[in-house]
Amino acid sequence: MKTDVEKAVEVDAYVLKASGLIKDKRSYNALMNLLQTGVLMNERLGEDDTVVLCKILIVMKFSYEFIPYGVRLKENSKLDFYNKVMYPPKVEYRNYSDNVLRVGKEERSTRHWAQDILANKEDSK
């Protein structure tokens, strides 16, 4: 079982790689700064580039919020991202075909309604 810190480190690496940003560039370093500190001020990238960076976070379904003159990660956003995006819960599908009655099929020593109709026709002759 991983600790929250290990999960956060794994989320950081995943987001940086999935962002498609080039390593050692200004935007990559700004995203890394946002993930490590939780806050990114507009003066680091400029307002327009900060908005572009936020678009990347939107596409990746990473939760954040705007603050005056910057962007801040929401509380538990890394753990939410880990649990919902990186490792979503498995969906169990139920086989509904077992509950469906089939036409003409007998069920445990009882006649099906179609057989009752045929038996009634034979009895009326």
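Going by the structure above, here's the rest.
Here the structure is a predicted model, which is why all the values come from computation and not from measurement.

Cut-offs used in this document
Residues numbered from 1 in each chain as written. Predicted model: local features only at pLDDT ≥ 70, side-chain atom pairs only at ≥ 80, totals over all residues. Heavy atoms only, no water. Phe/Tyr/Trp six-rings, centres within 6.5 Å; stacked < 30°, edge-to-face > 60°. Pairing = 2+ DSSP bridges. Helix = DSSP H or I, 4+ residues; strand = E, 2+ residues; numbered from the N terminus. Axes fitted to C-alpha atoms, helices over the stretch in contact; angles between N-to-C directions. Core = buried A, V, L, I, M, F, W, Y, C linked by side-chain atoms within 4.5 Å. Buried < 20%, exposed > 50% of the residue type's maximum accessible area, 1.4 Å probe, protein only. Contact = heavy atoms within 4.5 Å. Expected span 1.5 Å × (residues − 1). Arc of directions from axis to C-beta.

### Describing the packing of aromatic side chains
Under the defined criterion, the tally for this structure stands at 4 aromatic pairs. Each residue in the set Tyr14, Phe62 and Phe81 is aromatic and connected to the rest through ring pairs, giving one cluster.

### Focus: the sheet that holds strand β1 (residues 39-41)
Strand pairing in a sheet takes place through backbone hydrogen bonds and is either antiparallel or parallel in direction. With antiparallel pairing, 3 strands are arranged side by side in an open sheet as β1-β3-β2. In the strand order of this sheet, the two ends are held by β1 and β2 (64-67), each with one partner. Across the sheet, the axes of successive neighbouring strands diverge by a mean angle of 20°, strand direction being ignored. Bridge count between β1 and strand β3 (residues 70-73): 3 bridges; the pairing is antiparallel. Each residue of the ladder has a partner; that of Met41, found in β3, is Gly70.

### With respect to the nonpolar core
Counting 22 residues, the largest nonpolar core has Val11, Val15, Leu31, Leu35, Phe62 and Phe81 as the members making the most contacts within it. Mapped by element, the contributors of at least two residues to this core are α1 (4-18), α2 (26-37), α4 (47-59), β3 and α5 (77-86). Looking at this core element by element, the count peaks at 5 residues for α2. Sequence-distant contacts of Phe81, defined by excluding residues within four places in its chain, comprise Val11, Tyr14, Val15, Met60, Lys61, Phe62 and Met86.

### A few points about the side chain of Ser19
Residue placement: Ser19 occurs in the loop between α1 and α2. Relative accessible area serves as the criterion here: at 13%, Ser19 is assigned to the buried category. Leaving out residues up to four positions away in the same chain, Ser19 has contacts with Leu31, Ile56 and Met60.

### Notes on the environment of Val85
Summarising the element assignment, Val85 is placed in helix α5. Counting along the chain gives 23 residues from Val85 to Phe62, while the straight-line C-alpha distance between them is 8.7 Å. Excluding its chain neighbours within four sequence positions, the residues that come into contact with Val85 are Met60, Lys61 and Asp80.

### Here's the deal with α4
Spanning 13 residues, α4 covers 19 Å between terminal C-alpha atoms, matching the ideal 18 Å at 1.5 Å per step. All of the buried residues along α4 are Thr50, Leu53, Cys54, Ile56 and Leu57. Angular distribution of buried residues about the axis of α4 spans 150°; they occupy a single face of the element. Opposite its buried face, α4 presents the exposed residues Asp48, Lys55, Ile58 and Val59, each directed more than 90 degrees away. Packing partners of the buried residues in α4 comprise α2, β1, α3 (42-45), β2 and β3. A positive backbone phi angle near 65° is found at Lys61, which sits one or two residues after α4.

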